[in-house]
Amino acid sequence: MDFAFSEEQEMIAELARDFAKKEIAPHIEEDEENHHYRREILTQMGELGLLGFSVPEEYGGNGLGWPEGVAALFEIAKVHTSWRLSISGNVWGPALTILQYGTEDQKKKYIPGLCSGELAGSFAITEANSGSDVASMKMTAKDAGDHWLLNGSKMWISGGHTSDVGLVYAKTDPSAGAKGVSCFVIDYNNTEGITRIPIHKKVGMWPAPTSELVFEDAKIPKENLVGELNKGFQICMWMLNNTRMGCATGSAALSAACLEGAVQYANERTQFGQPIGKFQMIQQQIAEMKLEDEAAKFLVFRAAWLKENKMPNQQETSMAKLCGCNAAVHAANVAMKIYGSYGYSDEYPCGRWLRDAKQFETLEGTSNIHMGIVAGIELGYQQNR
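Basis of the calculations
- Residues numbered from 1 in each chain as written.
- Predicted model: local features only at pLDDT ≥ 70, side-chain atom pairs only at ≥ 80, totals over all residues.
- Heavy atoms only, no water.
- Core = buried A, V, L, I, M, F, W, Y, C linked by side-chain atoms within 4.5 Å.
- Buried < 20%, exposed > 50% of the residue type's maximum accessible area, 1.4 Å probe, protein only.
- Helix = DSSP H or I, 4+ residues; strand = E, 2+ residues; numbered from the N terminus.
- Contact = heavy atoms within 4.5 Å.
- Phe/Tyr/Trp six-rings, centres within 6.5 Å; stacked < 30°, edge-to-face > 60°.
- Lys NZ or Arg CZ within 6 Å of the ring centre and 35° of its normal.
- Expected span 1.5 Å × (residues − 1).
- Arc of directions from axis to C-beta.

*Asks:* How do you make sense of the nonpolar core when you look at a structure like this?
*Replies:* Across soluble globular proteins, you tend to see nonpolar side chains buried next to one another. Judged by nonpolar contacts, the single largest core of 65 residues is most densely connected at I24, W92, I125, L167 and Y169. Looking at which element gives the most residues to this core, the answer is helix α7 (residues 232-268), with ten residues. When neighbours within four sequence positions are excluded, W92 is seen to be in contact with F53, S54, W66, G69, V70, L73, I87, M239, N242, T243, M245 and G246.

*Asks:* What should I look at first to understand the environment of Y37 in this one?
*Replies:* With respect to the helices, strands and loops of the structure, Y37 is situated in the loop between α2 (28-34) and α3 (39-47). Once the C-alpha coordinates of Y37 and G159 are considered, the two residues, 122 residues apart in sequence, prove to be 9.6 Å apart. When residues no more than four places from it in sequence are discounted, the contact partners of Y37 are L42, W83, T162, P207 and P209.

*Asks:* Would you explain the packing of aromatic side chains in this entry?
*Replies:* Given two aromatic rings, one states the distance between the centres and the angle between the planes to describe the pair. Taken as a whole and assessed by the stated rule, the structure comprises twelve aromatic pairs. With centroids separated by 5.4 Å and ring planes inclined at 65°, the aromatic side chains of W148 and F184 adopt a geometry described as edge-to-face. Of the two residues, W148 is situated in strand β3 (residues 147-158) and F184 in strand β5 (residues 181-187); the sequence distance between them amounts to 36 residues. Neither residue differs from the other here; W148 and F184 are each classed as buried. Sitting above the plane of the W148 ring, K222 keeps its charged end 5.3 Å from the centroid.

*Asks:* Would you take a moment to explain helix α1 (residues 7-24) for this structure?
*Replies:* In an α-helix, one full turn covers 3.6 residues, which means residues spaced three or four apart are oriented alike. Here α1 contains 18 residues, and its C-alpha end-to-end distance of 25 Å stays within 8% of the 26 Å for a straight helix at 1.5 Å per residue. Residues Q9, I12, A13, A16, F19, A20 and I24 constitute the buried set of α1. Down the axis of α1, the smallest arc covering the buried residues is 130°, so these residues share one side. Of the residues in α1, the exposed ones pointing more than 90 degrees away from the buried face are E7, M11, K21 and K22.

Laid out in C-alpha cells, this is it:
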C-alpha cells in the first residue's frame, strides 16, 4: 500500500499550487469584497491543463486521471475554495457526463472547449422547491417536433449566469417521477427564452457566481438531448457521484488551510510570556483538527483511486464528502477561536473560512443525504456503484 505521490502527481500538485499562489491568492481580498468572479482564471487553468482531468486526449483532455485531478484541485481550493467549482463545473460535471452519455457530435462540440477553458460550464438540477428530492423537479421539456420547449426555473446554480454551456435536467414525462427526467445540453449564448439572474446575497463563496435560471419556451434542438429519453435521473446520479469529488476535495483542502493558519498563529501569538501553542487546550484543538484533516484527505484520495480503477465508489465518495465537510466546519470554527478577537476581524481569513465551510453541508447532497447513502449501502439496502 503506497501513500506517496508519484513524480507526475507531485508535479501536477506543484503546478496547481504555484498557479493558485501567483494568480488567485493576490486577489482574494479584493474579489471577496467586491463579490467578483474573474473569468480569466478559468481560461488560465485551461491553458495549463488543469481542466482536462479524466478526459481522453482525443477530446482535449490532459490524459491524467482522478488522483491527479484531486491533487491539483486540493492545492487550488486550499488557497481559495471558491475556485474549486471550476473543475467540477467544467469537467467533472458536463464534460465527463457528455463523454459517458453523449453522442459523438456532442463530445466533439463541447468537451474540448470545456477542457481548454474556452467554454465555462455548469449543471442545473436544483429548483426552489426541489433539492434533495431530485425527482420532484417541476421544470418541463416538451417535444415540439423539431425541437424541445423548456419551461420552468432552476435555483442556486453555480456558474449559472457566467457559463457558456450547461447541462439542464427537466421532466419530459411529468407523471413518471424519477422515470420521467431527461438531460439536455444548453448553449446559453445562442438560446432565446432563458433569463439568468445573479444571486448576490449569500453567506459565503462570494467570488463564485450563483444564479437563478428562468426558462420560458426556450427552444432546444432535438440533438441536444443527452443520453436516452427519460433516463436523466440515472444520468444525474452518475454525474453527482463525480462532482461530489469536487466537494470532498474542496472541503478537505479548506480544513487543511484552517489547520495551517491556526498552527502559524498559535506559534506567533504570545500570552503569559510564551506562544499560545504551548498551552494544552490549544494543543488539544490543533490535534483534533489534524486528526480530522488527515482522515478527510485520505478518504478523498481513496475515493479518487477507486474511481480511477473503475471500482464501486459511491459509498466512499459520500464518506469523503461527509468527512471533509465535518472537518472543514469544525476546523474553521476552531481556527476562529484560536485567533481570538482577531479571528472575528477581516484582518485574517477566519471569517471567510467559516462562511465557505458551511456551504459543504448542503451543496450536492446535504450531510443527511450522504449519511443515508453511507448507511444504506452498509446495511445492504442499496448497491455500491
